[in-house]
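Working through the structure, step by step
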Amino acid sequence: MNAASWLLDDVVLVPMDGPPAAPLGCVRRGALRIAGDRIVAIGALAPHPGERVVAGRGRIALPGFVQGHVHATQTLFRGLADDLPLLDWLRLRIWPLEHAHDAVSTRASARLTFAELLRGGTTTVQTMESVRHTEVTCEAALASGLTAIVGNCLMDLDDGGVPAGMPTSAAGAIATTDALRRAFHGRDGRLEIAVAPRFLLSCSDELSTAAAGYAAQHGLRVHTHAGEHPGEIAAVRARFGRDYVEVLHAQGLLGARTGLAHCVHTTEAERALLVASSTAVLHCPSTNLKLGSGLAPIAAYRALGLGVALGADGAPCNNRLSMATELRQAALLQNVAAPPGTWPAVAALWTATRGGAEALGLDDRVGSLQPGRRADVLLFDLDDAFVPVLADTPDALAGTLVYAADERQLDAVLCGGAFVVEHGALCTYDPAQLRADAAAALPGVLQRAGLAR
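Presented here is an overview of the structure given in this document. (Residues numbered from 1 in each chain as written. Predicted model: local features only at pLDDT ≥ 70, side-chain atom pairs only at ≥ 80, totals over all residues. Heavy atoms only, no water.)

1. Some remarks on the packing of helix α2 (residues 103-119) against helix α14 (residues 431-449)
Rules: Each axis is a line fitted through C-alpha atoms, taken for helices only over the stretch in contact, and angles between the N-to-C directions span 0 to 180 degrees. Counting from the N terminus, the helices are the DSSP runs of H or I reaching at least four residues and the strands are the DSSP runs of E reaching at least two. Comment on the angle field: the value is read as roughly parallel under 35 degrees, roughly antiparallel over 145, roughly perpendicular from 65 to 115, and oblique elsewhere. Each crossing gets its hand from how the near helix is turned against the far one by less than a right angle, where anticlockwise is left-handed and clockwise is right-handed. Any two residues having at least one pair of non-hydrogen atoms within 4.5 Å are treated as being in contact. Polarity classes work like this: nonpolar for Ala, Val, Leu, Ile, Met, Phe, Trp, Tyr, Cys and Pro, charged for Asp, Glu, Lys and Arg, and polar for all others, with Gly in that last group.
The geometry of α2 relative to α14 is characterised by a closest axis approach of 9 Å and an angle of 135° between their N-to-C directions. If you check the angle between α2 and α14, you find them oblique. For the element pair α2 and α14, the recorded crossing hand is left-handed. Contacts between α2 and α14 involve S105, R107, A108, R111, L112 and A115 from the first element and L434, D437, A438, A441, V445 and R448 from the second. A breakdown of the residues in the contact of α2 with α14 according to their chemical character gives seven nonpolar, one polar and four charged.

2. Focus on the packing of aromatic side chains
Heads up, the rule is: Under the pairing criterion, centres of Phe, Tyr and Trp rings, with the six-membered ring standing for Trp, must be within 6.5 Å; the plane angle then separates stacked pairs below 30 degrees from edge-to-face pairs above 60, leaving the rest tilted. The buried label goes to any residue with under 20% of its type's maximum accessible area, the exposed label to any with over 50%, and the partly exposed label to all in between, with areas taken from a 1.4 Å probe on protein chains only. Cation placement over rings: the criterion is NZ of Lys or CZ of Arg within 6 Å of the ring centroid and within 35° of the ring normal.
Tallying each qualifying case throughout the model produces three aromatic pairs. For the pair W6 and F419, a centre-to-centre distance of 6.1 Å together with 40° between the ring planes defines the contact as tilted. Placement of W6 in strand β1 (residues 6-13) and of F419 in strand β18 (residues 418-422) is noted, with a sequence separation of 413 residues between them. Judged by relative accessible area, which is 6%, W6 ranks as buried. Seen from the ring of W6, R52 lies directly overhead, with NZ or CZ sitting 4.8 Å from the centre.

3. Some words on the layout of surface pockets
Where we set the bar: Here a cavity is any set of points on a 1 Å grid over the protein atoms alone where a 1.4 Å probe fits but cannot get out, and a pocket is any open set with protein on both sides within 12 Å along at least 5 of 7 lines; a residue lines the site when it has an atom within 4 Å of a point. Grid points are joined across faces, edges and corners, and a volume is the space filled by probe spheres set on the points.
In this model, the largest pocket occupies a volume close to 300 Å³. In this structure, the largest pocket is lined by 16 residues; those nearest its centre are P20, P23, R302, A347 and W350. Mapped by element, the contributors of at least two residues to the lining of the largest pocket are α10 (298-303) and α12 (345-359). When residues of the lining of the largest pocket are assigned to their parent elements, the largest contribution, six residues, is made by α12. For the lining of the largest pocket, the per-class residue count stands at 10 nonpolar, three polar and three charged.

4. Brief notes about the packing of α12 against helix α13 (residues 394-404)
Describing two packed helices takes the angle between their axes plus the distance from one axis to the other. Contact pair α12 / α13: the axes reach a minimum separation of 8 Å and the direction vectors enclose 65°. Relative to α13, the element α12 is oriented roughly perpendicular. In this structure, α12 meets α13 at a crossing whose hand is left-handed. Seen from α12, the contacting residues are A345, V346 and L349; seen from α13, they are D395, A398, G399, L401, V402 and Y403. In terms of residue class, the contact of α12 with α13 is built from seven nonpolar, one polar and one charged.

5. Concerning unusual backbone geometry
The backbone of D188 shows a phi angle near 60°, a positive value even though the residue is not glycine. Tracing the backbone through its elements, the reader meets D188 in the loop between α4 (170-184) and β10 (191-193). Its identity is not glycine, yet C263 carries a phi of approximately 50°, on the positive side. The residue C263 is located in the loop between β13 (258-262) and α8 (268-277) in this model.

6. Comments concerning helix α6 (residues 230-240)
Given 3.6 residues to a turn, an α-helix orients residues that are three or four positions apart in the same direction. We count it as follows: To be clear, the arc concerns the directions from the helix axis to the C-beta atoms.
Taken together, the buried positions of α6 are occupied by E232, I233, V236 and F240. For α6, the angular spread of buried residues about the axis comes to 100°, placing them on one side. Residues of α6 that are buried sit in contact with α1 (86-99), α5 (205-218) and α7 (244-250). Phi turns positive one or two residues past the end of α6, at G241, with a value near 70°.

7. Side note on α4
Worth spelling out the cut-off: To estimate the expected span of a helix, subtract one from its residue number and multiply by 1.5 Å.
The terminal C-alpha atoms of α4 lie 21 Å apart, and with 15 residues this matches the ideal 21 Å at 1.5 Å per residue to within 8%. Within α4 the residues assigned to the buried category are A170, A173, I174, T177, D178, L180, R181 and F184. Relative to the axis of α4, the buried residues are bounded by an arc of 160° and lie together on one face. Turned more than 90 degrees away from the buried face of α4, the exposed residues are A171 and R182. Elements that come into contact with the buried residues of α4 comprise α3 (134-144), β9 (153-154), β10 and α5. Looking one or two residues beyond α4, the residue adopting positive phi is G186, at roughly 90°.

In structure tokens:
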């Protein structure tokens, strides 16, 4: 923080730093002072002599969105695995395509991912990558400016349909994570390595218990899937004779540093284990709809005190990486899963920011507009004929942002104090080059996967 400070002036501050009863915090017109990549002051601020001032023009200032579950390695495969249930989706498309990646195609996919995330206001993300080439994604994450938690996928079993040579040994999987940890964990203060067993059907007990032990030894997060689809759950019960979360508990994979993607279907006993272990749920509503998995009971999970983050999951099972989409979907669907108002728009907005940061163990760094936090800031311009603004109360403002606004109203994004989106356009990526790199890389992947058109 040795850079000169500057002032983002005349914005409507939505700091997301309040108590549970009023999580948006004190919503008011004011300013943010930023130095280096940090917020140093917030509120009614006058410029320092000679300080650069950027006019906010009354735009709504939110902390950057936090996504808890994304597969950057899959973005190159958008549109190639539509209209399939989970296990067929994996076996017929995703595993063959991931196995066919090389370093060049992995880089193209990662860059596509991070550009799309930034354009949509996601400034912090947790991703699960494939078995190999995760170091390429780590380098792309560092170059993007995002805060990221990245893990290589751990797989040592072929439960049917996994390409030959894709699974590794249990020791080999942990060795890959260890190499990533040594090379990248803690880099630039915004990249962490997670331990990422793919899901129960891909991992032996030896690998799962080794992963739990390695994560505990090095204080790493655990990122895996659980309870996503009825077909998957039936296969887990057939193999283990127990329910999904019960198996993860026995393997030592639950805990305060663990996030489980989906948790669409859980029993009361499983929910009790999640609560007792302080395990977080990573909610991916669009994917759960597209794969026909079901509707996760997020309002019920929050009533139990569970941490929750939102995530777009992968482009082949969602087709968007948009937090605006997930935010709206999550809020709408909980009005079906629970009585309307049980998990209102203000709760959804908190989950997309501060709550997501808490679920990922990053609340001291991101997720709110507070001094000392990273200067990840979204500026929404709601002066739009398509968005009737009735924002005279925090609840009304939250409702407008959750139910009406989307990327069209997201005018600017600051990531670590730097503008990465201005006037709705990416500043740090060339979209034409991203498309060209993807177009050049994809045919080789399809050929190697045996899916060439």
